[in-house]
Amino acid sequence: MSRVNTVLGSVPTEELGAVAVHEHIGYGMPGSELDTQWWKTPEERYAETVPKLRRFREYGGGTFVDVTGICNGRDVDYYKSLSAKTGVHIVACTGFVGGDTALPHFARATVDYLTRHFVHEITVGIADTGSRAGVIKVGVSRGGRMTELDKRIYRAAARASVATGVPILTHLAIDPQPAVDIFEEEGLPLHRVLFGHADDGPNAPNTPHEWIFERGGRIGFDTFGYETELEDPPFWARPRQERLDHFLSLVNKGYLDQLLVSADANCSPLGWPGVKGHTVNYLFTDLIPDLREAGVDDATIKTLLEDNPADFLTIRN
Ligand SMILES: [Zn+2]
């Protein structure tokens, strides 16, 4: 039977429901947890997060994939209690948002060491939580070019993915040639890789979408809702209609089965204020109505929110 690792145990793929495939319970830069200016009590974190997850459930959301890297505030015991209280499946990741957010202990590690660590978190568990990672996160460091450390992490992730059958999500899809080379050298089929943030303002123009599709990769339009129309938009915002038109153009070219959507929102950001007015529930309050308005049918919406993520997340072994 096909299954997916969640923080409360492995579940059959059919039980995932609608999936938000690239999200954060709380994301912060390494060290932000030591900064008293931003430190939050557990009560504050629950108060900010639980209502969003409950609403997610009410809208028909089933699974929330948290792709907060190892050093960016990932907190699996907390995710377990959130999942138990709200009924939302939460998938946790192993891996790193990028080489530039890996703390020195990991930044100095060899490919072999990183591979063993990722495989342990997928097959045995994350620290003493008993929860197994369901996806592997990798990414391109700031600067838009893969660094030597990024490449070491990508190679370890590819080996861990081949060994365990768990898929890989990337932070950024720019500079994909070295990434594709590594995945191919390690024998990882590209349909096990979701190239993320292919839709945001600064990165969309620099992402070779069709080049990735032609090689079998999947693409994440996973920053839906970060719009220039927001009251205080972040630097990665993009005009709402422009993003939607870009997305629909790829659907119309026949790439539906290789596309995934998400909001990349933070329920309770760590060490920064977050982006006001943006939550994971944008998928239900805005994206689905926008798609319907544009003439997209319910079967296509189900493919995007249920079938594609289920196919991607299923452990292949
Ligand atoms: Zn993210």
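Before reading further, recall that the structure is shown in the block above.
Cut-offs used in this document
Here the residue numbers are simple positions, counted from 1 along each chain's written sequence. Where local features are concerned, this predicted model is filtered to residues with pLDDT of at least 70; where side-chain atom pairs are given and counted, the filter is 80 or more; whole-chain, interface and lining totals use all residues. Where helices and strands are cited, they refer to DSSP runs of H or I of at least four residues and of E of at least two residues respectively, numbered from the N terminus. Radius of gyration: over C-alpha atoms. The globule rule applied is 2.2 Å multiplied by the number of residues raised to the 0.38 power. Comment: burial labels come from other C-beta atoms within 10 Å of the residue's own C-beta, placed from the backbone, where a count of 20 or more is buried, 12 or fewer is exposed, and between is partly exposed. Multiply 1.5 Å by the residue count of a helix minus one, and that product is the helix's expected span. Each C-beta atom gives one direction from the helix axis, and the arc is the one those directions make. Once C-beta atoms have been placed from the backbone, residue pairs whose C-beta atoms lie within 7 Å are recorded as contacts. Strand pairing is assigned whenever DSSP identifies at least 2 bridges connecting the two strands. A fitted line through C-alpha atoms represents every axis, and for helices the fit uses only the stretch in contact; the resulting angles, taken between N-to-C directions, go from 0 to 180 degrees. Helix crossings get a hand from a simple test, with the near helix turned counterclockwise from the far one by less than a right angle marking a left-handed crossing and a clockwise turn marking a right-handed one.

(A) Seen up close, the overall build of the protein. Broken down by element type, the protein carries 10 helices and 11 strands. Against the 2.2 N^0.38 benchmark of 20 Å for 317 residues, the protein shows a C-alpha radius of gyration of 18 Å, consistent with a compact globule. The C-alpha extent of the protein, read off along each of the three principal axes, is 50 × 45 × 40 Å. When each of the 317 residues of the protein is scored for burial, the buried share is 51%.

(B) Seen up close, helix H9 (residues 282-293). Helix length check: H9 (12 residues) gives 15 Å between terminal C-alpha atoms against 16 Å at 1.5 Å per residue, within 8%. Residues of H9 that are buried: Tyr282, Leu283, Phe284, Leu287, Ile288 and Leu291. Across the axial projection of H9, the buried residues extend over an arc of 155°, all falling on one side. Turned more than 90 degrees away from the buried face of H9 sit Thr285, Pro289, Arg292 and Glu293, all of them exposed. Contacts from the buried residues of H9 go to strand E3 (18-23), strand E11 (259-261) and helix H10 (298-313). Immediately beyond the C-terminal end of H9, within one or two residues, lies Gly295, with a positive phi of roughly 95°.

(C) Broad picture of the sheet that holds E11. Ordered in space as E6-E7-E8-E9-E10-E11, the 6 strands form an open sheet in which the pairing is parallel. Bordering the open sheet on either side are strand E6 (93-95) and E11, each of which pairs with just one other strand. Between one strand axis and the next, the sheet turns through 30° on average, direction left out of account. Set on the sheet, helix H5 (residues 148-164) makes contact with E6, strand E7 (135-139) and strand E8 (168-171); between it and E7 the angle comes to about 160°. H10 rests against E7, strand E9 (193-195), strand E10 (218-221) and E11 of the sheet, and its axis sits at about 110° to E11.

(D) Structural view of the pairing of E7. Burial within E7 is extensive, with 5 of its 5 residues counted as buried. Residues of E7 alternate between two faces, with Val135, Lys137 and Gly139 on one and Ile136 and Val138 on the opposite face, all of them buried. Relative to E7, E6 is paired through 3 bridges, and the arrangement is parallel. Bridging from a neighbouring strand, Cys93 pairs with Val135 of E7. Here 4 bridges tie E7 to E8, and the two strands are oriented parallel to one another. In the sheet register, Ile136 faces E8, and the bridge partner there is Ile168.

(E) Structural detail: the packing of H5 against helix H6 (residues 176-185). One can describe the packing of H5 onto H6 by two numbers: an axis separation of 9 Å at closest approach and a directional angle of 35°. Seen along the crossing, H5 lies across H6 with a hand that is right-handed. For the pair H5 and H6, the contacting residues are Lys151, Tyr154, Arg155 and Ala158 in the first and Pro178, Ala179, Ile182 and Phe183 in the second.

(F) Inspection of the environment of Lys80 at higher detail. Tracing the backbone shows Lys80 in helix H2 (residues 76-86). Judged by C-beta crowding, with 19 C-beta atoms within 10 Å, Lys80 ranks as partly exposed. Residues Lys80 and Thr129 lie 49 residues apart in sequence; the distance between their C-alpha atoms is 8.9 Å. If near-sequence neighbours (up to four positions away) are discounted, Lys80 is found in contact with Val7, Leu8, Thr129 and Ser131.

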